[in-house]
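Notes for the structure review
The residues making up each chain are set out below.
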Amino acid sequence: MGKGLLDNDGNSFERKTSTHGMPVSEAGGSFEKSLMHLGGNIADPFVVFEDVKELYKKVLDMKREKAAEWKKIKNEWEKKNPELDKKLHYFYSGIFT
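All residue numbers here refer to positions counted from 1 along the written sequence of the relevant chain. Local features in this predicted model are restricted to residues whose pLDDT is 70 or higher, and side-chain atom pairs enter the listing and the counts only when it is 80 or higher, whereas totals over whole chains, interfaces and linings include all residues. To obtain the side-chain values, all non-hydrogen atoms of the structure were used and water was disregarded.

Glancing now at the confidence of the model for the protein. Known as pLDDT, the predictor's per-residue confidence is scaled from 0 to 100. When pLDDT is averaged along the protein, the result is 91; 99% of the residues meet or exceed 70. Put simply, DSSP marks the helices as runs of H or I at least four residues long and the strands as runs of E at least two long, and each gets a number from the N terminus on. Across the protein, element-level confidence peaks in helix 3 (residues 50-80) with a mean pLDDT of 98 and bottoms out in helix 1 (residues 24-27) with 82.

The structure is reproduced here in structure tokens:
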């Protein structure tokens, strides 16, 4: 918990139970010092780092690819199994009479 966090004296604030479930500043950590320690900018604290953007782009691209593959497989299955597909849609509809 609290990876990279610092307290007001600049000491590591990692692995403190107080970091769980409350704001850093209320837990005894320093938001400002922690942000600077992690490479952030106090004037614009919500900037997403470029390496993080790149990572998430790769992850999203992979998920889109996997979803497209799954849809293709499912569509092929639906065509081969129309009765089972009907049952599946009925099951997911939540309407049971």
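Here the narrative resumes.
Take Gly28: it is sitting in the loop between helix 1 and helix 2 (31-37). In this structure the C-alpha to C-alpha distance between Gly28 and Lys80, which are 52 residues apart in sequence, comes to 61 Å. We call two residues contacting when some pair of their heavy atoms lies within 4.5 Å. Apart from residues lying up to four places away in sequence, Gly28 is in contact with Asp7, Asn8 and Phe13.

Attention now moves to the pattern of salt bridges. For salt bridges, the criterion is a side-chain nitrogen of Lys or Arg within 4 Å of an Asp or Glu carboxyl oxygen. In this structure the tally under the stated criterion is 4 salt bridges. Close ionic contact of Lys57 with Asp61 constitutes a salt bridge, the shortest N to O distance being 2.9 Å. Of this pair, Lys57 and Asp61 both sit in helix 3, 4 residues apart, which is roughly one turn of that helix. A 1.4 Å probe rolled over the protein chains alone gives each residue an accessible area, and that area as a share of the maximum for its type sets the label: buried under 20%, exposed over 50%, partly exposed in between. The class of Lys57 is exposed, set by a relative accessible area of 52%. The exposure class of Asp61 is partly exposed, given its relative accessible area of 35%. One salt bridge in this structure joins Asp61 and Arg64, with 3.5 Å as the shortest N-O distance. Residue Asp61 and its partner Arg64 are both found in helix 3; the two are separated by 3 residues, about one turn of the helix. Relative accessible area serves as the criterion here: at 55%, Arg64 is assigned to the exposed category. Within this structure, Lys57, Asp61 and Arg64 form a network of salt bridges that share partners.

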